[in-house]
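# Structure at a glance
This is what each chain is made of:
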Amino acid sequence: MMVLHHCISARSFRPLWLLEELGLPYRLVVHPFPPRVRVPEFRDINPLGTVPAFFDGNLRMTESVAICQYIASRHAPGALEVSANEADFGAYLNWLHFGEATLTFPQTLVLRYERFEPPERRLPRVADDYRRWFLSRLRAVDDAVGQSPFLCAERFTLADISVGYAVYLAEQIGLEAAMSDAVRGYGRRLWERSGFQRALRAQVEAAEAQGVSTQAAATLDLN
């Protein structure tokens, strides 16, 4: 069985959401944030000390978008992917990686230098610069979803899970008011999906069963 190590609403939410969308069997292990500090033995699970940590037999993976690609290709080929012979294949790949590399990364800096560092190490200017950086890159999403319900191929794909998580995170850290109506509407469509709702419930139920706080005030692994 596939095993996913997760912190509440961290980037490991991407593969969790996908697993629920596909209805695949898996085991969810929830850790307090940051696991490398709160659970010293976690480095035996993932030497990086970060989540996600994903296992499928002897395979270990640690990158959220790569895990999604692996799960979809290995366990549900074609279900939420865009194939190489489709016109939107290139756009699909670009959005898939845009969600993490371009949209999630600046948000981690906002959180780190505005909330998570000790007061003497906080850098409001850095946080503000990367907040604006994120919002400027979000315009690409605005352009895409202002014309279509989803990012590419006229259907829900892994690209929407990748970018959708970044939009979800932005809402969680208070950036919703700065987003366009089109992006907020896109988020609402994603949050209404039964797979997304099941993933939200799954992380809470697993955390409660495993004695882990369900608060998501500090759920990004920033180092």
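Structure shown above.
In what follows, the accompanying structure is described. Quick caveat: nothing in here was measured; it's all calculated off a predicted structure.

Looking now at the packing of helix H5 (residues 89-116) against helix H6 (residues 124-137). Running from N to C, H5 and H6 point in directions that differ by 155 degrees, and their axes come no closer than 8 Å. For the element pair H5 / H6, the angle class is roughly antiparallel. In this structure, the crossing between H5 and H6 has a hand that is left-handed. Residue-level contacts link Phe98, Thr102, Leu103, Phe105, Pro106, Gln107, Leu109, Val110, Tyr113 and Glu114 of H5 to Pro124, Val126, Ala127, Tyr130, Arg131, Trp133, Phe134 and Arg137 of H6. Here the residues of the contact of H5 with H6 are counted per class, giving 13 nonpolar, two polar and three charged.

Right, let's get into H6. The end-to-end C-alpha distance of H6, which contains 14 residues, comes to 20 Å, matching closely the 20 Å that a straight helix rising 1.5 Å per residue would cover. Within H6, the full set of buried residues consists of Ala127, Arg131 and Phe134. Looking straight down H6, one finds its buried side chains confined to an arc of 65 degrees; they lie on one side. The secondary structure elements touched by the buried residues of H6 are H5 and helix H8 (158-172).

The rules behind the values
Residues numbered from 1 in each chain as written. Predicted model: local features only at pLDDT ≥ 70, side-chain atom pairs only at ≥ 80, totals over all residues. Heavy atoms only, no water. Axes fitted to C-alpha atoms, helices over the stretch in contact; angles between N-to-C directions. Helix = DSSP H or I, 4+ residues; strand = E, 2+ residues; numbered from the N terminus. Parallel < 35°, antiparallel > 145°, perpendicular 65-115°, else oblique. Left-handed = near helix turned anticlockwise from the far one by under 90°. Contact = heavy atoms within 4.5 Å. Nonpolar A, V, L, I, M, F, W, Y, C, P; charged D, E, K, R; others polar. Expected span 1.5 Å × (residues − 1). Buried < 20%, exposed > 50% of the residue type's maximum accessible area, 1.4 Å probe, protein only. Arc of directions from axis to C-beta.

Function-wise, these values are silent; they only describe arrangement.
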